[in-house]
Amino acid sequence: MKVLFAVWELVPFFQVGGLGDVAKSLPKKLHEQGVDVRVILPFYKALKLHKQQKKEVKKFNIIYDGGKQKVVIYQISFLDEKIPVYIIKNEKWLDVPTRDTFAFYNLCVYEILKNNYLDWLPDVVHCQDYHTGLIPLLIKHNNLKFKTLLTIHNLNHQGKSSLDVIKRMGLDHSKCRVIQWETKKKQINFLLEGIIHADLVNAVSPSYAKEIFTEEYGSGLDEIIRNEGQKISGILNGIDYDSRDPIHDKNINFHYSVDQSPIEGKHLNKKFLQEKLGFTVSDQIPLIGFIGRFESKQKGLDIMHKMIRRVNLQKFQFVILGQGEVEWEDQFLWLASFYKKNVAYISVFDRRIASQIYAGADFLLVPSKFEPCGLIQMIAMRYGTLPIARATGGLKDSIIDGVDGFLFKKYSSFDLETKMKHAVEIWKNDKKQINEMILAAMKKDFTWDKSAREYIKLYNKLCNPSAIF
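Residues numbered from 1 in each chain as written. Predicted model: local features only at pLDDT ≥ 70, side-chain atom pairs only at ≥ 80, totals over all residues. Heavy atoms only, no water.

Enquirer: So what exactly am I meant to see when it comes to the pattern of salt bridges here?
Expert: Opposite charge on two side chains lets them pair, provided their charged atoms get close. Per the stated rule, a full pass over the model turns up 21 salt bridges. Note that Glu228 is salt-bridged to Lys231, the shortest N-O span being 3.1 Å. Connected through salt bridges with shared partners, the residues Lys29, Glu32 and Asp449 form a single ionic network. (Salt bridge = Lys/Arg side-chain N within 4 Å of Asp/Glu carboxyl O.)

Structure below.
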């Protein structure tokens, strides 16, 4: 099985969000399971090669915006595996990411496949999110024989752009499924085109794959998704245990595992974190963390803020690590400045502090309004920190309420507060149950192995549609 993995970011060369981690971890597991997988992405000016020597594969020209554009394909590889990574260079359109960047990049991938510039042809082109949403359209309408899979990481990010982009690509916009109100605005929706033209589509958790069929979670595309429903499924993401494991994590002071002093390890890391934050050092006060982007439409910042303001802060300690919307950064900075002994806010993301929160906190709040998959709760569970999360998307798929974490259903500060106080009550009065939950969380298997097997089933379904898997 040969798979071309098309992305716009890849750890450690260039990363903006969680997709960069997925683009590193999933291909590695596919490779281990016998897939000939190769990754392709733009060669941005900001991309770091980490001292790798790039090898020129091919120079070619494409027509974009009515003019001839010189493109160079270079090859590097994963730092720890010999998985080929192709980086596409064009100074005008690919140096700095813009909406034209992704249209140009998609056109380059199509030209590379059409002309076999890699001297290697995939069975499946695996496209990630809206940034690669026009590749299935280009393949299908030019009758190339490659199969396409589109993975939706977040339906809210759709990549709407001017129809002028399509003209610059040399495409007739009548080939696109531009919905009526977008035509009036002279827009194209990259993700919409990907959903319609890909052979198969998957979301990054089974529950989210079902939720996007509804008006509440469909982000305006629910009708289209229902029409395409027979080809949509869900596969839960995994996490990389090579870098996310409390027995090896260099960012924490006291190492532990599910088999090596997990309760004592968490106790020592909690004490260290309380001292570092200037909190009262006590086993009797629950230390509750939050790690995430400050994105108010998704991450539940409003209900978390209301709850923290409402509870008796002398009974709790909160550590918040996040950045994003300035309004919410200011709100939590204000809270922390008035309640220094009970609320700490860190506005600059620091991987070391994140690890220390995972290892030292008793609970982690994940009050998301929606969550396609979520990696925060999986990492927290690996470190024995119990998530208190809303029952939505991948949170619902990865947490069993009362067994390895806590779930609340209604999106409200009162429901969050009720569940948090319930969790703390167990933590205070039933150490046997809470320790069993910690061990259950740490034993949970969120490795990429299972997810990779599920993706291989999709690849096989694409290439052998009559077979039963």
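That was the structure; now back to the text.
Enquirer: When you look at the side chain of Asp245 in this model, what are you seeing that I'm missing?
Expert: Structurally, Asp245 can be placed in the loop between strand S11 (232-234) and helix H10 (262-277). Among the polar contacts listed, one links the side chain of Asp245 to the side chain of Arg382, at a separation of 2.8 Å. For Asp245, the residues in contact, after removing those within four places along its chain, are Arg382 and Tyr383. (Helix = DSSP H or I, 4+ residues; strand = E, 2+ residues; numbered from the N terminus. Polar contact = N/O pair within 3.5 Å; in protein donor to acceptor, adjacent residues only side chain to side chain. Contact = heavy atoms within 4.5 Å.)

Enquirer: Looking at this structure, I do not really get a nonpolar patch on the surface. What am I missing?
Expert: Taken together, the side chains of Trp334, Phe338 and Tyr339 make up a nonpolar region of the molecular surface, amounting to roughly 340 Å² of accessible area. With respect to the element layout, Trp334 can be found in helix H12 (residues 326-338). (Patch = residues over 30% accessible without salt bridge, like charges linked within 9 Å, V, L, I, M, F, W, Y side chains within 5 Å. Areas by Shrake-Rupley, 256 points an atom, 1.4 Å probe, with all protein chains shown as cover.)

Enquirer: Help me out: how do you make sense of the side chain of Asp404 in this one?
Expert: Counting through the fold element by element, Asp404 comes out in the loop between helix H15 (393-398) and strand S17 (406-408). Residue classification places Asp404 among the buried positions, given a relative accessible area of 2%. Separated by 2.7 Å, the side chain of Asp404 and the backbone nitrogen of Ile400 make a polar contact. Here Lys444 takes part through its side chain, which lies 2.6 Å from a polar atom of the side chain of Asp404. (Buried < 20%, exposed > 50% of the residue type's maximum accessible area, 1.4 Å probe, protein only.)

Enquirer: Looking at this model, I keep getting lost on the packing of helix H11 (residues 301-310) against H12. Mind explaining?
Expert: Each packed pair of helices is defined by two parameters, the angle between the axes and the distance between the axes. Interhelical geometry of H11 versus H12 gives an angle of 15° and a closest axis separation of 12 Å. In terms of orientation, H11 and H12 fall into the roughly parallel class. Where H11 crosses over H12, the two elements pack in a sense that is left-handed. Two secondary-structure elements touch here, H11 through Leu301, Asp302, Met304, His305, Ile308 and Arg309 and H12 through Trp328, Gln331, Phe332 and Leu335. Taken together, the residues of the contact of H11 with H12 break down into 6 nonpolar, 2 polar and 2 charged. (Axes fitted to C-alpha atoms, helices over the stretch in contact; angles between N-to-C directions. Parallel < 35°, antiparallel > 145°, perpendicular 65-115°, else oblique. Left-handed = near helix turned anticlockwise from the far one by under 90°. Nonpolar A, V, L, I, M, F, W, Y, C, P; charged D, E, K, R; others polar.)

Enquirer: I tried to follow the sheet that holds S17 on my own but got confused; where do I start?
Expert: Each strand in a sheet pairs with its neighbour through backbone hydrogen bonds, running either in the same direction (parallel) or in the opposite one (antiparallel). Across the sheet, 6 strands lie side by side as S14-S13-S12-S15-S16-S17; this open sheet has parallel pairing. Every other strand in the sheet has two partners, leaving strand S14 (343-346) and S17 as the edge strands with one partner each. Along the sheet, successive strands turn relative to each other by an average axial angle of 20°, direction set aside. The pairing of strand S13 (residues 317-321) with S14 spans 4 bridges and is classified as parallel. Bridging across to S14, Val319 finds its partner in Ala344. This element, H11, spans strand S12 (287-291), S13, S14, strand S15 (363-366) and S17 of the sheet and lies at about 155° to S13. Together, S13 and S14 form the strand contacts of H12, whose direction differs from that of S14 by roughly 140°. (Pairing = 2+ DSSP bridges.)

Enquirer: Explain the packing of H10 against helix H17 (residues 431-443) here, please?
Expert: Contact pair H10 / H17: the axes reach a minimum separation of 10 Å and the direction vectors enclose 95°. Judged on the interaxial angle alone, H17 and H10 are roughly perpendicular. Of the residues in H17, those touching H10 at Pro262, Ile263 and Lys266 are Asn435, Ile438, Leu439 and Met442. Split by residue class, the contact of H10 with H17 holds 5 nonpolar, 1 polar and 1 charged.

Enquirer: For this particular structure, what's the right way to read the pairing of strand S1 (residues 2-6)?
Expert: Residues in a regular strand point their side chains to alternate faces of the sheet. In terms of residue burial, S1 counts as a mostly covered element, since 4 of its 5 residues are buried. Bridge count between S1 and strand S2 (residues 36-42): 5 bridges; the pairing is parallel. Each bridged residue has a counterpart across the sheet, and for Lys2 the counterpart in S2 is Asp36. Running through helix H1 (residues 19-32), the crossover from S1 to the neighbouring parallel element S2 is right-handed. Of the pairings in the sheet, the one linking S1 to strand S6 (residues 124-128) comprises 4 bridges and is parallel in character. (Right-handed = clockwise from strand over helix to strand, strands pointing away.)

Enquirer: Even after reading the chapter, I still don't get helix H16 (residues 413-429), so can you show me in this structure?
Expert: Residues separated by three or four positions in an α-helix point in the same direction, a consequence of the helix having 3.6 residues per turn. An ideal rise of 1.5 Å per residue puts 24 Å on 17 residues; H16 measures up with 24 Å between its terminal C-alpha atoms. Among all positions in H16, only Ser413, Leu416, Glu417, Lys419, Met420, Ala423, Val424, Ile426 and Trp427 are buried. (Expected span 1.5 Å × (residues − 1).)

Enquirer: What's the story with the sheet that holds S11 in this structure? I'm lost.
Expert: Read across the open sheet, the 9 strands follow the order S3-S4-S5-S2-S1-S6-S7-S10-S11; overall the sheet is mixed. At either end of the open sheet lies a strand with only one pairing partner, and these are strand S3 (55-64) and S11. Taking each pair of neighbouring strands and ignoring which way they run, the sheet shows an average axis angle of 25°. Pairing analysis gives 3 bridges linking strand S10 (residues 200-203) to S11, with the strands arranged parallel. Paired with Ala203 across the strands is Gly234, a residue of S11. H1 rests against S1, S2 and S6 of the sheet, and its axis sits at about 160° to S2. Where helix H18 (residues 448-463) meets the sheet, it contacts S1, S6, strand S7 (147-152), S10 and S11, and its direction lies at approximately 145° from that of S7.

Enquirer: Is there a simple way to think about the environment of Pro367 in this case?
Expert: Examined against the element boundaries, Pro367 turns out to sit in the loop between S15 and helix H14 (376-382). The buried category is assigned to Pro367, whose relative accessible area is 1%. Look past the residues within four positions of Pro367 in its chain and what remains in contact with it is Phe290, Lys299, Gly300, Ile303, Met304, Arg390, Phe408, Tyr411 and Leu416.

Enquirer: I'm lost on unusual backbone geometry in this one. Help?
Expert: In most cases, non-glycine residues show a negative phi, while peptide bonds are predominantly trans. The step from Val11 to Pro12 runs through a cis peptide bond, and the omega angle for that step is 5°. Take Pro12: it is sitting in the loop between S1 and H1. Of note in the backbone geometry, Asp129 takes a positive phi value of approximately 65° without being a glycine. One can find Asp129 in the loop between S6 and helix H4 (135-141). Judged by relative accessible area, Asp129 falls into the buried class, the value being 6%. Although it is not a glycine, Asn143 sits at a positive phi angle of roughly 60°. Position of Asn143 relative to the elements: it lies in the loop between H4 and S7.

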